[in-house]
Amino acid sequence: MHTYPLQSRVTFARIFFCYPIQKNHYFYSIANTLLLYALLQAGVNEGLQRAIKHGLEPVTYLPPLLEPYLDKTYGVFVYQEDIMSAAVALGGFTGPEADTLGYAIRKKKSAVLRAQKEKFVAQAAERGVEPRVIDAVFKAVEPFERYGFNKAHATCYGLIAYQTAYMKANHTVDYMAAVLTAFRANEEKVAAAVAECRRMSIEVRPPDVHTSHLEFTVEGDAIRFGLLAVKNVGQGAIESIIAAREEGGSFRSLTDFCTRIDLRLANRKVLEALIKVGALNAFGHPAQLLLALDDAIGAAQATQRDRISGQTSLFDIGAADAASFEQPLPAATEAPVRERLRWEKELLGLYLSEHPMGEVAEQVGRFVNAYSGDLKDESMDGQRVVVGGIVTGIRTVITKRQEAMAIVTIEDLQGSVEVVVFPRLYETTRPTWQDGAILLIAGRVDHKGEEVSLLADLVADWDEAVTRGPDAFARDVAAGDRGARNGGGPRRGPVAVGPGAPPAPAPPPVFVSPQRPDPGGPPPDAMPRVQPGEPVPTYLEAPGSVALADADVDDEPSVPDEARARIIADATADSPVAAAPQPVLHLRFEAAA
């Protein structure tokens, strides 16, 4: 059996309810398989890492009292039952009370969960549990307010995932053909499945009127593209082609093909689509066939009319004789590779015969940890990833500060994604962003409703990255990780405002803002004299935070200017604020617009 090794050595692509990831996960038992699937779905990254490193690092528990309940999950809350057990062990909950907590988790009842938290905190404190332990336990429980498996649910999903992994491991070609058929209406999923086939060295052959069927089919160790996945080609036209093929054998020429199928179902638009995707390449290259199409359709229509009226045509006197009367295809220069690839992308939803990135497909996996198709998953929002692709579009934007930034579209083997290049990065890397260039880009995934983009913070030319090697590139990516600043931590050191002169020895008292009730001091018109003072930080750092060095200060806006302007407007709204004792008041006057 190859299922466990498959799950351990490859990504979860095309396995039931498992999103593609770039880590090696170790599946050596059913219980461990279910655990890892539950962790993947719940997004419990800490638990996922502990499960991966099982046997390499010691397992710790918040309080040792929870070890009997969390020993199977490496000390991490994974299932709803884990939370219920902790409530009983630490908070003294009864069975029904713990079930109420489980109900709140199952039904995502935030209000009920908060009430249960208050009850747990109070009862755990009465039982002598330390406050830090209580806080740590509920911090670990917080993700369950959004999503949390129970063991029965995880078992069902894990079992189906195991079954699909078994099929992929032991009947790979048949399984991937079935996956492609199931996804044929979704271009992005078809592209991702084809990319997975290429990764496993399974050939996906282009559509062909002599061998293709409605759906994707297996041809030995390869998969033949189904005609129903070609845009503008309907089921009726395909059934007419298959019926003619089964009745009269292979088609001899373009004219013979047009004569034998039902042109009422397969009109010119259908035939053009089949030619452009290479389904009629047995008769000639696409440029020749497109030029000869009108004559072939005309001859076929005339022959079909003669048959209806009972007259004999050249095509009824025998294949050999009829072939001698056919006109040869016109001479024509073969369509450029870029044009043929554009046709494939337009009509199949992907590059099939080859890809602009095909020459680097085998190497790119050593440099990237995600593909464009992965970024649409909601769990990727805010995650820093590295993708590679070819630039297919560049749009320059001028910000309100009169700085140039760019919106770049890149495409890989799975699809395309929009990359936002902020002014600072664009200023230093502008020559790198060229149409047709193959680039490696690091940045954070940004979800805005149905739209997904990548906020770039690093870019590298593919050839330069290959020359330096994946390890050197990985160091560059790690050095450019600005997660602490883009996340909830302090973004930069304090920035001073004001003239910076020393304060007067004894500044006069500062009164409460006149917008608030007067505390009994002098009237508002007796305002204090304005004194210059020490620079005042624009914000206070969180306790225990470490100020960043000047070299690490990043003035790049984390959001577009319009959203940033709204945030600043909200933050600077004129709201009543009580003054602290003995500060220095700084005023700045600007002319009205």
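Small disclaimer: the values here were computed from a predicted structure and weren't measured.

Visitor: I keep staring at the overall build of the protein chain and nothing clicks. Help me out?
Guide: Of the regular secondary structure elements, the protein chain holds 23 helices and 10 strands. If you take every contact in the protein chain between residues at least 6 apart in sequence, the share linking residues at least 24 apart comes to 60%. As presented, the protein chain carries roughly 32,000 Å² of accessible surface, and 53% of it is formed by carbon and sulfur atoms.

Visitor: Which parts of the structure should I look at to understand a negative patch on the surface?
Guide: On the surface, a cluster of negative charge is contributed by Glu378, Asp381, Glu418, Glu450 and Glu451. As for its placement among the helices and strands, aspartate 381 is situated in the loop between α18 (361-364) and β4 (384-398).

Visitor: I tried to follow the packing of aromatic side chains on my own but got confused; where do I start?
Guide: What characterises a pair of aromatic rings is the spacing of the ring centres plus the angle enclosed by the ring planes. Under the definition given, this model contains 6 aromatic pairs. Each ring, one from phenylalanine 251 and one from phenylalanine 257, has its centre 4.9 Å from the other, and the planes form 85°; the classification is edge-to-face. For phenylalanine 257, a relative accessible area of 0% gives the class buried. Between phenylalanine 257 and phenylalanine 283 the ring centres are 6.4 Å apart and the planes differ by 45°, which places this aromatic pair in the tilted class.

Visitor: Honestly, the environment of glutamine 434 in this entry has me stumped. Any pointers?
Guide: Topologically, glutamine 434 is positioned in the loop between α19 (423-429) and β7 (438-448). The partly exposed category is assigned to glutamine 434, whose relative accessible area is 43%. As for glutamine 434 and isoleucine 390, which are separated by 44 residues in sequence, their C-alpha atoms are 9.3 Å apart. Within the structure, glutamine 434 has its side chain in polar contact with the backbone oxygen of proline 431 (distance 3.2 Å).

Visitor: Would you explain the sheet that holds strand β3 (residues 222-224) in this entry?
Guide: Sheets are built from strands paired through backbone hydrogen bonds, the pairs being either parallel or antiparallel. Taken in spatial order, the 3 strands line up as β1-β3-β2 in an open sheet, and their pairing is mixed. Only two strands of the sheet have a single partner each, and these edge strands are β1 (204-205) and β2 (217-219). Pairing of β1 with β3, which is carried by 2 bridges, proceeds in the parallel orientation. Paired with arginine 205 across the bridge in β3 is arginine 224. Of the strands in this sheet, β2 and β3 are in contact with helix α10 (residues 172-182), which crosses β3 at around 25°.

What counts, and where the lines are drawn
Residues numbered from 1 in each chain as written. Predicted model: local features only at pLDDT ≥ 70, side-chain atom pairs only at ≥ 80, totals over all residues. Heavy atoms only, no water. Helix = DSSP H or I, 4+ residues; strand = E, 2+ residues; numbered from the N terminus. Contact = heavy atoms within 4.5 Å. Areas by Shrake-Rupley, 256 points an atom, 1.4 Å probe, with all protein chains shown as cover. Patch = residues over 30% accessible without salt bridge, like charges linked within 9 Å, V, L, I, M, F, W, Y side chains within 5 Å. Salt bridge = Lys/Arg side-chain N within 4 Å of Asp/Glu carboxyl O. Lys, Arg positive; Asp, Glu negative; His and termini not counted. Charge placed at Lys NZ, Arg CZ, Asp CG, Glu CD. Phe/Tyr/Trp six-rings, centres within 6.5 Å; stacked < 30°, edge-to-face > 60°. Buried < 20%, exposed > 50% of the residue type's maximum accessible area, 1.4 Å probe, protein only. Polar contact = N/O pair within 3.5 Å; in protein donor to acceptor, adjacent residues only side chain to side chain. Pairing = 2+ DSSP bridges. Axes fitted to C-alpha atoms, helices over the stretch in contact; angles between N-to-C directions.

Without other data, these values stay purely geometric and don't point to any function.
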